[in-house]
Amino acid sequence: QVQLVESGGGLVQPGGSLSLSCSASGSIFSANEMGWYRQVPGKERELVAVVNNGGRRKYGDSVKGRFTISRDNNMVDLQMNSLKPEDTAVYYCNLRGVGAAVESYRYNYWGQGTQVTVSS
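From a predicted model like this one, the values you see are computed outputs, not experimental measurements.

Observations regarding the pattern of salt bridges
And then number 1: Counted by the stated rule, this structure contains four salt bridges.
And then number 2: Where Arg38 meets Asp87, a salt bridge forms, and the shortest distance between an N and an O atom there is 3.0 Å. Of the two residues, Arg38 is situated in strand S4 (residues 32-39) and Asp87 in the loop between strand S8 (75-80) and strand S9 (89-97); the sequence distance between them amounts to 49 residues.
And then number 3: Here Arg38 falls in the buried class, since its relative accessible area comes to 5%.
And then number 4: Taking relative accessible area as the criterion, Asp87 reaches 1% and is therefore assigned buried.
And then number 5: Residues Lys64 and Asp61 are paired through a salt bridge, measuring 3.1 Å at the closest nitrogen-oxygen approach. An identical accessibility class is assigned to Lys64 and Asp61; each is exposed.
And then number 6: Here the salt bridges do not stand alone but share partners, grouping Arg38, Glu46, Arg66 and Asp87 into one network.

Thoughts on the nonpolar core
And then number 1: Judged by nonpolar contacts, the single largest core of 29 residues is most densely connected at Leu4, Trp36, Leu78, Met80 and Tyr91.
And then number 2: Listing elements by their share of this core, those giving two or more residues are strand S1 (2-7), strand S3 (18-26), S4, strand S5 (46-52), strand S7 (67-72), S8, S9 and strand S11 (114-118).

Some words on the side chain of Ser104
And then number 1: Here Ser104 shows up in helix H1 (residues 102-106).
And then number 2: Ser104 gets classed as buried once you look at its relative accessible area, which sits at 3%.

A closer look at the environment of Gly26
And then number 1: Structurally, Gly26 is set in strand S3.
And then number 2: Put simply, Gly26 and Asn74 are 48 residues apart on the chain and 9.9 Å apart in space, counted from C-alpha to C-alpha.

Topic: the environment of Asn53
And then number 1: Mapped onto the elements of the fold, Asn53 is located in the loop between S5 and strand S6 (57-59).
And then number 2: Along the backbone, Asn53 and Asn74 are 21 residues apart, and their C-alpha atoms lie at a distance of 9.0 Å.
And then number 3: Non-local contacts of Asn53, meaning those with residues more than four positions away in its chain, are made with Ser30, Ala31, Asn32 and Arg71.

Parameters and conventions
- Residues numbered from 1 in each chain as written.
- Predicted model: local features only at pLDDT ≥ 70, side-chain atom pairs only at ≥ 80, totals over all residues.
- Heavy atoms only, no water.
- Salt bridge = Lys/Arg side-chain N within 4 Å of Asp/Glu carboxyl O.
- Helix = DSSP H or I, 4+ residues; strand = E, 2+ residues; numbered from the N terminus.
- Buried < 20%, exposed > 50% of the residue type's maximum accessible area, 1.4 Å probe, protein only.
- Core = buried A, V, L, I, M, F, W, Y, C linked by side-chain atoms within 4.5 Å.
- Contact = heavy atoms within 4.5 Å.

Set out below in structure tokens:
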């Protein structure tokens, strides 16, 4: 099995910065994406930023130009700058398989979530 350990959530003022980290341990699928999603009560979980095993990155539209994701093997860091109150959410680390293999669809793991609050 896979375990994801998250750290770095907290309270920050609008315009400030915060960094999140996630480390994966266990059996890692060779073709994969790793990164962050976020969710607020009553709304769907949405993409924040992910990076695949080849280093290709994808960002949600609302965070482009403000957030940066980086990856070192099975560890990812999310640098969040110019934070807005709308960024307040529970942030979840995710590791999932990608590609045409049937096994890739069954490989999907989530962290426990860490709270990010942007408020004055």
